[in-house]
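Tertiary structure, described
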Amino acid sequence: MKRFNLSDWALGHRSFVWFLMIVCLVAGAYAYVTIGREEDPNFAIKTMVVSASLPGASVEETVDQVTDRIEKKLQELPELDFTRSITRPGQAVVYVNLLATTKARELPRIWQRVRDMMSDIRPDFPQEFQGFRFNDDFGDVYGNLFAFTADGFSPRELRDHVETVKREIQALPDAGKVELYGTRDEAIYLDFSLRKLAALGLNEQAVLATLQTQNAILPSGVINAGNERVQVQLGGQFTDAQSLADVNLRVGGRFFRLTDVASIRRGYTDPPANIFRYDGRDAIGLRVGMKPGANIIDFGQELQRVMARARAEMPIGIAIHQVADQPKVVEHAVGGFLRALFEAVAIVLIVSFVSLGLRAGLVVTVTIPLVLAITFVVMKYSGISLQRISLGALIISLGLLVDDAMITIETMISRLEKGETRRRAASYAWTSIAFPMLSGTLVTVAGFIPIGLNNSAAGEFTFSLFVVIAVSLLVSWIAAVLFAPLLGVTLLPKNWAHHDPAPGRLRRTFHGVLRAAMRFRWVTIAATLAVFGLSVFGMRYVEQQFFPTSDRPELIVDVNLPDNASIADTTATVDRLEGQVRGDPDALFWTSYIGTSAPRFILSYDVGTPAPNMAQMVVQTPGVAARDRLKAKIRAYADSHLPGVDLVAKNLEIGPPVGRPVQYRLSGPDIGVLRDHARDLAAVVGSNPHLRDVVMDWNAPARVVRIEVLQDKARQLGITPKDIAGSLNAIFSGQVITQLRDKTYLVDITARGDKAARHSIEALNGLQLSGPNGAAVPLSSLAVFHYDTQPSVIYQRNQVPTITVKAAISGPDQPATLVKALAPQIAAFRASLPPGYAVAIGGTVESSAQSQAPIAAVVPVMLLIILALVMMQMQSFRLAFIVFCAAPLGLIGVVAALLPSGAPLGFVAILGVLALIGILIRNSIILVHEIEVLRADGMPAWDAVFQASDSRARPILLTAAAASLALIPIAREIFWGPMAYAMMGGIIAGTIVTLVFVPALYLAVFRVKPAPAGLA
């Protein structure tokens, strides 16, 4: 460090260093303009969905024959965290959740491995098994959603127009996946009258076979006629519903028209699998994704041009509505953060000018854009975009990155006051403080290591915080020793007037406090430790939080009916909700998703599993206040008008999605016993007055009709169980017999029973089947009916049936506080469970613990690195001990800031508290190093402590002022507020600790005797 002087080298190569500064500014400006913009950083959704089908199986049979086989095989996956399955009769959906430590780049390989594993066990499934479907795009985000509504157009005509728009969007170079949703496929229904079939002696299956053979596409040959080939084509296929109505059936030498035994209707799938609405009107949705790495603002502008052209070309009666506009949201969010960044820059500049004066403040001012410019370049080429986390990191680092430049300029000024030349004063900064500043900078960066090495989903979400702060602080040190000396030589006056040595009022006050702390060192140490102990005790009263809810204006309304509810019942419930929202001034527009949930329009959105009993509304409100008012109104309406409906009105989330914040999972082998205990658990959770909407994710049984076939009688009549099942399925659910080929569409032709037969349970008793010879056979003559109940759905976690009891919070309390309050009751409930049954905490508390566990695992590494850096600088165990003792005392300010403000200690705030360790150690290093320098120059120890504390008070206070005041712009943010309060309080308390406690501790450790009266 003493042989090569970088600051002196910079002064000897001024033109080149000026060139470097200009290049950095130009490159930074270019990077800032072209860098990507996002609302939130990306994180990988490490979940894959495996779906499987076994038609006709009961829910228990599906679990045994399908779900358990899949989950058992998946346990062989090394990266597996847990499986979560939802099983309905004949249908199984298994969510494959990977360990948080899994790297995003490994996901394609792992998903392919899951496919291979399922292929390996395919022969083990029953013969009727219909195979797997895989969704490894579960985390895909569609930031732009459009709703197309039509007046005077059929759904088919509207879909044709939407398909045209889709093709135009797909042609955009940055377009990702573009998909339609909410479409209803056309269908032709043949509603057979079973009585008419029996009266005419017709066998239904024979009729269907006739229709299938007539509509088949079969090769008819090619005639080789000399030098020409002539294709032979057979006609007679169905072209529309009328061609079906014209079909004649021949029975016993007599012809009958198909319409004599069936009504023919062309329409749309009934009942629909799902429904999409915009403002209560049926609509077709178009979801638009973007290619990875593209600029969302630029893509949004391209997309708007396409949509503007589409609106102009649409016929009158078709309207296009934008439901989600991620580019606009990002532009607004990034713009707000950039304003906060500029405000923070202005605050730091004001601190610099006021404290250092115009010329010295100007030197610090110039270093800020230089550091930001280089940081922008690094961000661009490392793939970090401008978003909530990276911009917040820039604001946090602003108050820290000026520290080195301030210390450099302060050192230059002190040398100029002694009469040295500007060059010697600038060079002295390198020889005296460059290495302590570097050690302090590295220690500060090390304080953010738990963020950089946190491999949870939350850690992945906040990773850019570590990168941006680390880069900006390291660059700030380079700027302080390379650029600041040249700027100082250029901007500072040649001769610097000596300051009046007489201290001012504030300085005299500080001298009095410092002398008292030094003379009563043990009292100072004891008082500090007592206050620290009090702050540790006060931590129990600080609210705990994972991530706050979003400040976006969308209101999400989840609607869940009993598991056996039909989609018609769900639609009727949504109709009532829409009637409540319609006309409300707090609702700009809304979209309804019946039988499914909204597409993932932001990464943190929690997508539900499609089911007929679920629905979701996304209501766009004018702002946060309107959103909260509407939420209260919808909750009140649901409480009074929708009994038996599980309705949750909630905000969007920031960070990894959790759902209802308070959750408990109850697992056990026997479903009946599990349900009984789950009801008891729900009663325990519901006993807390601060919780509301306590529900179980599954519990209600469904009615079932079990048909026991009298096998001997059935054989006597020539009817097999397969014939009966096929007939019943055709009557009640419908059987696709063939397809109508209509341009690019395939329209299913479905045969089913008429309305009277398929919508009545009582109709089973009078149901007549067709025998082999067409004779009518009453079903009741060869079968016995049993009316029973069975689970309509079974949820499992790692192959064990699991019921989750969920609750919403009715007040301002945090989930961790309520879970802690329920702990004694949950412990008593746990003790009452029989062997094999267990209850576990889920929801926000579990997610928070899973995210904090990797932090706790990395903290020892952080402390070891900091200890190594301190020892490298101090070269003394006692000095290192003094420096380290200051690190945890920032907790005093953290608690003092959080308790009065009511801000919770969330995941991000915890990261800020850990970062305080590095900041406080950095200040302590600077102070202790100055003490040692003065002692090495021959100054008595007592005087050295006093003089160093006095001389370092100014830069330490300036740094504290800059660092804490720079956080004010983000203190009003929902996401950053708790961290800002915690860091401001910690920095202020840490400053006092550094200037008062550290000197007292130094004197105590080295057993320094008090100086004679009047010397200090």
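Above this text is the structure in question.
Now for a quick tour of the structure. This is a predicted model, so every value here is computed, not measured. (Residues numbered from 1 in each chain as written. Predicted model: local features only at pLDDT ≥ 70, side-chain atom pairs only at ≥ 80, totals over all residues. Heavy atoms only, no water.)

**Description of helix α11 (residues 358–381)**
The end-to-end C-alpha separation of α11 is 36 Å, in line with the 34 Å expected for 24 residues at 1.5 Å each. Phi turns positive, to about 80°, at G383, one or two residues after α11. (Helix = DSSP H or I, 4+ residues; strand = E, 2+ residues; numbered from the N terminus. Expected span 1.5 Å × (residues − 1).)

**Some details on helix α29 (residues 907–936)**
Relative to the 44 Å expected for 30 residues at 1.5 Å per residue, α29 spans 44 Å between its end C-alpha atoms, a close match to the ideal helical length. Among the 30 residues of α29, 25 are classified as buried, and the element is accordingly described as predominantly covered. (Buried < 20%, exposed > 50% of the residue type's maximum accessible area, 1.4 Å probe, protein only.)

**A look at the nonpolar core**
With 204 residues, the main nonpolar core has L465 and W976 as its most contacted residues. Counting residues per element, this core draws most heavily on helix α16 (residues 463–491), at 18 residues. Here L465 is in contact with I389, A393, I396, I451, L911, W976 and M979, once residues within four sequence places are set aside. Of all hydrophobic cores here, the second largest spans 37 residues; its members include L202, V207, L244 and I737. (Core = buried A, V, L, I, M, F, W, Y, C linked by side-chain atoms within 4.5 Å. Contact = heavy atoms within 4.5 Å.)

**Let's talk about the packing of aromatic side chains**
On inspection of all chains with the given rule, the structure shows 16 aromatic pairs. Every member of this aromatic cluster is reached through a ring pair, and the members are F125, F129, F132 and F134. Stacked on the ring of F1006, the Lys or Arg R935 has its end atom at 5.8 Å from the ring centre. (Phe/Tyr/Trp six-rings, centres within 6.5 Å; stacked < 30°, edge-to-face > 60°. Lys NZ or Arg CZ within 6 Å of the ring centre and 35° of its normal.)

**With respect to the sheet that holds strand β15 (residues 284–290)**
Read from one edge to the other, the open sheet built from 4 strands follows the order β6-β15-β5-β16, with strand pairing classed as antiparallel. On the outer flanks of this sheet lie β6 (175–181) and β16 (318–325), each paired with one strand and no other. Geometrically, the sheet is characterised by an average inter-axis angle of 20° between neighbouring strands, direction not taken into account. Two elements, strand β5 (residues 144–150) and β16, share 7 bridges in a ladder whose sense is antiparallel. Directly across from F148, in β16, lies its bridge partner I320. Sheet contacts for helix α10 (residues 326–356): β5 and β16; angle to β16, the most-contacted strand, approximately 40°. (Pairing = 2+ DSSP bridges. Axes fitted to C-alpha atoms, helices over the stretch in contact; angles between N-to-C directions.)

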